[in-house]
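# Summary of structural features
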Amino acid sequence: MSMVPINDPANFWRNRVIVRPLAKVVKNGVVSSYRFGMRELFRVSFLRALFFCVLCAASVLHVPARAADAAFTQFIASLWPEAEAAGVSRKTFDTETRGLEPDTKLPDLILPGRPATGAPAQAEFVQVPADYIKEASIARLAAEGQRLMQQYRPALTTIETRFGVPASVVLAIWGRETDYGRYTLPYDALRVLATQAYVGRRKDQYRNEFILALKILGQGVVTRKDMRSSWAGATGLTQFLPSEYYQHGVDLDGDGRVDIWHSVPDALASAAQQLVNKGWQSGVRWAYEVQAPANVDCTMGVPEVTKPIGDWLRAGFKPVRGQKLSAAEQAQSASLLQPEGVSGPAFLTTKNYFVIKEYNFSDLYVLFVGHLSDRMTSPLPFAVPWSASTQLRTADVEAMQRGLTRLGLYKDKLDGKAGMLTRAALGAYQKSAGLKLDCWPSEAVLRSINAAK
């Protein structure tokens, strides 16, 4: 007797289904024959058609998936020479890549047949300051930061002495990145990095990050289970990419390994080292909140326009709450930041402001970290409250950037983010068009830009 192939639909139906709907014909208590009733015939026809539909759908869906997985597997296998050159063992490579599959639900991928989505709309770039820097969140994190400052006092004292970075600053970064370790990062870091290396917009960068992640796993510092990450592959208590782990990692607790996943001293010291490596200046504040003069030209709020803080003060800017700045502080170079244009708080930002910004390229991120750091040592909120501004949609801000580019006022990337350069270019347009100068993107200004020739 021959075996019936399970993947042959005709044989499946002939051998598995046809006998089920037969109805017994009983005469004088004896079964004399079987016959189909109309209901049974309809049921057989319906189920048979349904089964063929399911098989056809499965063949359409599964074959490309298998092909894609095969291509992904081949891509991962092709990375072995680079991994070996980086110091990854064959055992680690095989163990960690066995069964690895791409996560095509991640953002920032380029997939055949799918429109490019780009990076997700991060809160730092789509929320107004009042929504991002919420007083309740700052107060809660500041209180917890004060407690942690005492708990980790020896390690934080070492960090301040060795790196010149205030304890409150590294604690604020930890609080913003992972809520002091309470937030569990949602993704398998290795899978994220492999997917981004395979079909991400920045393949070359992630190719290296994936290999370095394998190296970390091979060194046994962290298990695959604990190497969780964001959608972009940043991992650990203070959110490092694997390359940043090797560039800035510090073994502060002295156990012979850099563990930013479980060792708070290591994670905080590594954050401090990263700031130092990016130019942190010891003894310099991140920013000074100031009251801007009524006639302030908000187009000056760009990193390129810098001058000594003393010069800003002589131009009419005043430190809030009557704060007196020393001669050394007045000699520091600073630039103007007005996150809501002429509304809301204004700041004179030092070099350290931009060092924190390299940790996350967002003005709101730096304001959150800087203010949270201040609140660990002072209970005072910003002296000037945030205004009730509204934020344009990302697509509208991008349309505004295109219009400003067309008019020769904007030369940066079209990313839909209303950062310093976009706000300054917008202010320049308002000046040229005779509009109210506030350097804040609104629907009215967007309509004016679109109508401009």
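Residues numbered from 1 in each chain as written. Predicted model: local features only at pLDDT ≥ 70, side-chain atom pairs only at ≥ 80, totals over all residues. Heavy atoms only, no water.

The side chains of a regular strand alternate between the sheet's two faces. The element strand β5 (residues 287-291) is largely enclosed, with a buried count of 4 among its 5 residues. Judged from the 4 bridges that link them, β5 and strand β10 (residues 346-349) form a sheet pairing that is antiparallel. When the sheet's bridge partners are listed, Tyr288 is paired in β10 with Leu348. Here β5 pairs with strand β7 (residues 318-319) via 2 bridges, running antiparallel. (Buried < 20%, exposed > 50% of the residue type's maximum accessible area, 1.4 Å probe, protein only. Helix = DSSP H or I, 4+ residues; strand = E, 2+ residues; numbered from the N terminus. Pairing = 2+ DSSP bridges.)

Its place among the elements puts Gln401 in helix α18 (residues 394-406). Only 3.2 Å separates the side chain of Gln401 from the backbone oxygen of Lys417, close enough to count as a polar contact. Sequence-distant contacts of Gln401, defined by excluding residues within four places in its chain, comprise Tyr410, Lys413, Leu414, Asp415, Gly416, Lys417 and Thr422. (Polar contact = N/O pair within 3.5 Å; in protein donor to acceptor, adjacent residues only side chain to side chain. Contact = heavy atoms within 4.5 Å.)

Attention shifts here to the sheet that holds β10. Taken together, the 5 strands give an open sheet; going across it, the order is β6-β8-β10-β5-β7, and neighbouring strands pair in antiparallel fashion. A single partner strand is all that each edge strand has here, and the edge strands are β6 (306-308) and β7.

Under the definition given, this model contains 20 salt bridges. The salt bridge partner of Asp363 is Arg423, with a shortest N-O separation of 3.9 Å. In this pair, Asp363 is assigned in helix α17 (residues 363-375) and Arg423 in helix α19 (residues 420-433), connecting sequence segments 60 residues apart. No difference in accessibility class separates Asp363 from Arg423, as the two residues are buried. Salt bridges linked by common partners bring Arg140, Glu144, Arg147, Asp179 and Arg182 together as one network. (Salt bridge = Lys/Arg side-chain N within 4 Å of Asp/Glu carboxyl O.)

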